[in-house]
Protein chains: 2
Amino acid sequence: MSYQAPLRDMRFVLHELFDVSGHCQQLDNGLDRDTIDGVLEEAARFAAEVVAPLNRNSDEQGCRLQDGEVTTPDGFRQAYKQFVEQGWASMTGPLEFGGQGFPQMLSASFHEMLMSASLSFRVYSGLTEGTVLALDRHGSAELKQRYLAQLVSGEWTGTMCLTEPQAGSDLALLRTRAQPQVDGSYQLSGSKIFISGGEQDLSDNIIHLVLARLPDAPPGIKGISLFLVPKRLLDADGSPAARNALSCGALEHKMGIKGASTCVMNFDGATGWLVGQPNQGLACMFTMMNDARFQVGLQGLGIAEAAFQGGLAYARERLQSRAIKGPVALDKPADPIIVHPDVRRMLLIQKTLSEGCRMLAAYAARQLDLEHGASDPAAREAAARRAAFLIPVVKAFFTDCGQEVASLGVQLYGGHGFIREWGMEQLMRDSRITQLYEGTNGIQALDLIRRKLLGDGGSELNALIDELATQVHQATAQPEMAERVGQRLEEWRALGHSVLQACRHDPEEIGAVSVDFLAYSAYVMLAALWLQAAVRASQALAAGSGDAAFYQAKLQSADFYLRRVLPRAGAHREALLAGAGCLMAMPERSFAF
Amino acid sequence: MSYQAPLRDMRFVLHELFDVSGHCQQLDNGLDRDTIDGVLEEAARFAAEVVAPLNRNSDEQGCRLQDGEVTTPDGFRQAYKQFVEQGWASMTGPLEFGGQGFPQMLSASFHEMLMSASLSFRVYSGLTEGTVLALDRHGSAELKQRYLAQLVSGEWTGTMCLTEPQAGSDLALLRTRAQPQVDGSYQLSGSKIFISGGEQDLSDNIIHLVLARLPDAPPGIKGISLFLVPKRLLDADGSPAARNALSCGALEHKMGIKGASTCVMNFDGATGWLVGQPNQGLACMFTMMNDARFQVGLQGLGIAEAAFQGGLAYARERLQSRAIKGPVALDKPADPIIVHPDVRRMLLIQKTLSEGCRMLAAYAARQLDLEHGASDPAAREAAARRAAFLIPVVKAFFTDCGQEVASLGVQLYGGHGFIREWGMEQLMRDSRITQLYEGTNGIQALDLIRRKLLGDGGSELNALIDELATQVHQATAQPEMAERVGQRLEEWRALGHSVLQACRHDPEEIGAVSVDFLAYSAYVMLAALWLQAAVRASQALAAGSGDAAFYQAKLQSADFYLRRVLPRAGAHREALLAGAGCLMAMPERSFAF
């Protein structure tokens, strides 16, 4: 499977839909349109030429653990070296520590490309960027000075050590302990599982961020602190030297992302340093959660785009049967399967979900940028609220879409979809993890209802709907689509109100409505964005500014989405309105006899 | 993962819902209730003790090809030997050739168990049963005499050699050739792909049924004939002797069912014999298609049941967080996750889809039995029409359910779901093929619309709805559920009418509505069956005949299904009513830029 970044669509989203140049001016980062387009083109080349060719073999070869050392698949080391040397690693890092400070709205496009090219390869750097964020926001000046520049450059990588065998979704059950030492450091002891990039051969040092308990910590989540624990301790001049007392005990055998090492990490009195305040570890982690979850959302989008490209290429080449209204490829023994309505149905679901998620990703990225970079504190706060609301939706919905679109990719290939060499089944296997890690999609949905909807009594939901409704009122170029979307937005508002009432009345409703409410919200949000895309396309067509086929396709895609995908929202609405009763009635012993 | 056959539910479906004893009396096969229950119990033991333990290793080990010989995973040979010796292979075979002639309504339960225990292991015998059917119905007396008894007993196995690299869904493109010989045999030359069990080490001989073209055959599907081509030619006394000129050229590397060999089969002037009439090969294949597709439907059901059992076991054991209304397991650090509403939502989807498909499987099996075994010719014809209508639904919907339920299994396990040793991801990988082979699910949906709905102008659909509506009118024990189901049935009738009109008016509507109409039909049919289950449960509770918790659970499950799963039907209906226009509008070149 080859991959080519969808540059035309990315430019449409960034420039035509969301005015990324204006956004950059607002952020005062000096990036103009030419620079942005140049970066996108270079990024596309890197993803297609350096990363994508590694992906298929990485799945076959996987990672190997021998004598505590992990070997990544062939080519990963060289590609990672280029990734660092060419400055891709430092794209979003803070300027102060050598980063380039790119806004998420732009870097999201590059990261989407990386996800499409190889989810496994991207895992290592993605977690490093998370480590940078956490350390930059919560680390002491000394820790930053010793570790941050090398993490920003990608010379060193980072991990997140949260999960333990008994503590997954419920971190209150965490047991790893940190013993204070006289020199101000701590000794960490415990076992962590599912640590992506916990051990590998890409970087000279690995900086682990580890959640652990201090001796006097209160039980539960209020007694968890965050520590920085390097694989190699630094010597006086800051170079990695002696091995710390930690090791990779095993690699997990997984369904997919086999090129990403997933490690059991054992800390045996390893030396570490506190990041942030004692017992505030979860809060420290949460400040970077939005960014990390946004990245996982991009994984879903990246997989979806890759599966769409794979499906489309096959549908154009594979010859089976004739078009029902008469042959199209008269010179061939059969027509390419893209002539068949049901094949088009699958391709258009792939296309409109991928492009729809791309719009929502850019919209969410803008909020993340403004949250941290807007000059006006009120704008920062508003963007923070909006981002907080959107992120669980982006994480869960995009990854569900990634899985669905990858599965459609398999289906488009028929029996060949099941065969490894074609690459479609790998996308399905790789993407399946994205619905699980960084908080399962069920956890995302609980977060949306509990913290984001109940948390402010629905005011952020209503603010978002108000904004989208304003766009609907201005969508005079597409009155029929506008009416359809406008109705859904008001239905969403009413549904949000019902959900709030129900959850206040019965807390079991929170978990009963959560997943369906998240999905409903996502489908309606995408509808609103497809309307905006259609309006821009109409304007471009009216202006006769060229590229007519591209803009016509946007109108056709919007029409398809509203007619054939959006109806799913209704099913989620009806299901969630059924209430918690039918979930809770059955006694545990009656689930099977 | 351990597996235990859901015997209580199977007895409910067979005895209480569909009166399998009466059915057997009607078929005059001498099976009474005690025999049936005895067979079910023995079958459950065989599946759980002999087959299920092989499944995990078979995925790790896979099949190996060396010097043209295929080695199946450890234990398959011994288990297959027991399968044959204990008579499980011959369960459905014709009495005349040593079979036991069991009705499908009963054998379906055993086959479901096999699918749950190991899809890979079941592939070999499933195809053999298909070979028996085709040969029994179309083979000459001489061919039957030479091959059938050993195929019925399972001593020899069978394959279906249809697909070629350029001919998958479209068999018109088939190229394998058969050259007549003076002795009445044929020499077959060509290459077939995706041949399950094409080579293996389980049986002394492998009997290939091969589609090929005679020299004077017309082009397209009207020029395809069916041939029997044994791996080993038989000597004078009927024993396998000299190797025929055919070989396994390669094994496919697949996403799942790795214990089942999937072979490239090369025929290099191999000796074969015509089965049925020249150029009638597809018709011969089609007479066994219903049975083969029914078997694949059972694979979906079997996977669903296995994933439900896995998910339920984990949800009862895994301790994470507390129930929102207060702790349940006070002696433990957290509550089992089955207390959480969203976990219950996933489990109940798993449960109601599995049990719902089980009811529909029994209903469809009854039609297959009556089609071949009813004494009254009119009853045979009516059953044949009903079976023909149901089979594409069973094949496509059950396998879609299998994939969904397996994916929910993965989700229930959180990160552990992605790890191979837990077995849930294997179920997802194994089941993914079922949506592709024996006609992709898209092909099933086209078959439903084209042959089954348009084919008779909707009369069979209406007859089915009439029958289900009669049950609704009699469902006085559950008036609320009955009303809900009754409305859907009339909506279905109207939708069928609309679809018919639309497809007659524009043939592109056939492929535009097909997948959504199939899904809609399936959800409504399951709703009607859940209503019948609820009525039986109400009657049993009213009669105070014991097992109250079981019957209560049936009522709770029916309620859940109608409230939280059935709403999906509405989304499918709305999507398919959108028409073909939004699928066909986009020019092929505009799918990507």
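Residues numbered from 1 in each chain as written. Chains lettered and ligands numbered in written order. Predicted model: local features only at pLDDT ≥ 70, side-chain atom pairs only at ≥ 80, totals over all residues. Heavy atoms only, no water.

By the naming in an unreviewed UniProt entry, chain A goes by Acyl-CoA dehydrogenase and is assigned to Pseudomonas umsongensis. Under Sequence similarities (unreviewed entry), UniProt gives the following word-for-word description of chain A: "Belongs to the acyl-CoA dehydrogenase family." Entered under Cofactor (unreviewed entry) in the UniProt record, the comment concerning chain A runs "FAD". (UniProt positions renumbered as here; feature names shortened; annotations may be inferred.)

(A) View of the UniProt feature "domain: Acetyl-CoA dehydrogenase-like C-terminal" (unreviewed entry) in chain A. Per the UniProt record, "domain: Acetyl-CoA dehydrogenase-like C-terminal" (unreviewed entry) is annotated on residues 467-587 of chain A. A helix fraction of 84% and a strand fraction of 0% characterise residues 467-587 of chain A, whose end C-alpha atoms lie 44 Å from each other. (Helix = DSSP H or I, 4+ residues; strand = E, 2+ residues; numbered from the N terminus.)

(B) Looking closely at the packing of helix H16 (residues 508-543) of chain B against helix H18 (residues 567-576) of chain B. Residues and elements named next belong to chain B. One way to put it is that H16 packs onto H18 with a least axis distance of 8 Å and a crossing angle of 155°. By the angle class used here, H16 and H18 are roughly antiparallel. In the packing of H16 onto H18, the handedness of the crossing is left-handed. Contacts between H16 and H18 pair Val-513, Asp-516, Phe-517, Ala-519, Tyr-520, Tyr-523 and Val-524 from the former with Arg-568, Ala-569, His-572, Arg-573, Ala-575 and Leu-576 from the latter. Here the residues of the contact of H16 with H18 sort into 9 nonpolar, 1 polar and 3 charged. (Axes fitted to C-alpha atoms, helices over the stretch in contact; angles between N-to-C directions. Parallel < 35°, antiparallel > 145°, perpendicular 65-115°, else oblique. Left-handed = near helix turned anticlockwise from the far one by under 90°. Contact = heavy atoms within 4.5 Å. Nonpolar A, V, L, I, M, F, W, Y, C, P; charged D, E, K, R; others polar.)

(C) Structural view of the state of the cysteines. All names here are of chain B. According to the stated counting rule, one finds 0 disulfides over all chains in the structure shown. Free of any disulfide, Cys-284 has its nearest cysteine sulfur in Cys-161, 15 Å distant. We classify Cys-284 as buried; its relative accessible area is 4%. (Disulfide = S-S within 2.5 Å. Buried < 20%, exposed > 50% of the residue type's maximum accessible area, 1.4 Å probe, protein only.)

(D) Just the nonpolar core, in detail. Core analysis: the biggest nonpolar cluster contains 417 residues, and Phe397(A), Trp492(A), Phe397(B) and Trp492(B) have the highest contact counts within it. Each residue touching Trp492(B), except ones within four places of it in the same chain, is listed here: Phe389(B), Leu461(B), Leu464(B), Ile465(B), Leu468(B), Phe517(B), Tyr520(B), Ser521(B), Val524(B) and Met525(B). (Core = buried A, V, L, I, M, F, W, Y, C linked by side-chain atoms within 4.5 Å.)

(E) Local environment of the pattern of salt bridges. Inspection of the entire model under this criterion finds 88 salt bridges over all chains. A salt bridge links Asp291(A) to Arg137(A), with the shortest nitrogen-to-oxygen separation between them at 3.7 Å. With Asp291(A) in helix H9 (residues 281-317) and Arg137(A) in helix H7 (residues 119-138), this residue pair connects regions lying 154 residues apart in the sequence. Of the residues examined, Asp291(A) reaches a relative accessible area of 6% and is grouped as buried. Among the residues examined, Arg137(A) registers a relative accessible area of 31% and is labelled partly exposed. Between Asp447(B) and Lys452(B) there is a salt bridge; the shortest N-O distance is 2.8 Å. The two residues Asp447(B) and Lys452(B) agree in class, both being buried. (Salt bridge = Lys/Arg side-chain N within 4 Å of Asp/Glu carboxyl O.)

(F) Representation of helix H11 (residues 377-412) of chain A within the structure. Residues and elements named next belong to chain A. Over its 36 residues, H11 runs 49 Å from end to end, which matches the ideal 52 Å to within 8%, given 1.5 Å per residue. Approximately 30° is the largest bend angle found in H11, and it occurs at Leu-390, with the proline Pro-392 only one to four residues beyond. The buried count for H11 comes to 26 of 36 residues, which makes it a mostly enclosed element. Put simply, Asp-376 is the residue that caps the front of H11, since its side-chain oxygen is 3.1 Å from the backbone nitrogen of Ala-378. In the stretch just after H11, Gly-414 is the one whose phi turns positive, near 60°. (Expected span 1.5 Å × (residues − 1). Bend = angle between axes of the 7 residues up to and from the residue. Polar contact = N/O pair within 3.5 Å; in protein donor to acceptor, adjacent residues only side chain to side chain.)

(G) Structural view of the interface of chain A and chain B. Across the boundary between the two partners, chain A contributes 98 residues, which contact 98 residues of chain B. With both sides pooled, the region where chain A packs onto chain B buries about 8400 Å², and carbon together with sulfur makes up 62% of that total. Of all residues in chain A, Phe418(A), Arg564(A) and Phe591(A) bury the most surface against chain B, accounting for 11% of the area lost on that side. Where chain A packs against chain B, one counts 10 salt bridges. The salt bridge involving Arg316(B) is made with Glu588(A); its shortest N-O contact spans 2.7 Å. (Buried area = accessible area lost by both parts, 1.4 Å probe.)

(H) Region of the structure containing the packing of helix H11 (residues 377-412) of chain B against H16(B). Residues and elements named next belong to chain B. Relative orientation of the contacting elements H11 and H16 amounts to 85°, with a least axis distance of 10 Å. Here H11 is positioned roughly perpendicular relative to H16, judged by the angle of their axes. On H16, the residues touching Leu-390, Pro-392, Val-393, Ala-396, Phe-397 and Glu-404 of H11 are Leu-518, Ala-522, Tyr-523, Met-525 and Leu-526. Among the residues forming the contact of H11 with H16, the class breakdown is 10 nonpolar, no polar and 1 charged.

(I) Looking closely at the domain arrangement of chain A. Taken as a whole, chain A is organised into domain 1 (7-138), domain 2 (158-279) and domain 3 (455-581). Taking the mean C-alpha position of each, domain 2 of chain A and domain 3 of chain A sit 42 Å from one another. (Domains from an automatic or database assignment.)

(J) Representation of unusual backbone geometry in the model. All names here are of chain B. Not every positive phi belongs to a glycine, and Ile-257 is a case in point at roughly 30°. In this fold, Ile-257 is placed in the loop between strand S10 (246-251) and strand S11 (262-275). A relative accessible area of 1% means that Ile-257 is categorised as buried. Positive phi, close to 65°, is recorded for Asn-279, a residue that is not glycine. Relative to the helices and strands, Asn-279 is located in the loop between S11 and helix H9 (281-317).

(K) The pairing of strand S5 (residues 186-196) of chain A, seen in detail. All names here are of chain A. Bridge count between strand S4 (residues 177-180) and S5: 4 bridges; the pairing is antiparallel. Within S5, the position partnered with Ala-178 by the bridge is Leu-188. Hairpin connection between S4 and S5: a loop of 5 residues separates the two successive antiparallel strands, and Gly-184 in this loop has a positive phi of roughly 95°. For S5 and strand S11 (residues 262-275), the ladder comprises 9 bridges, and the chain directions are antiparallel. (Pairing = 2+ DSSP bridges.)

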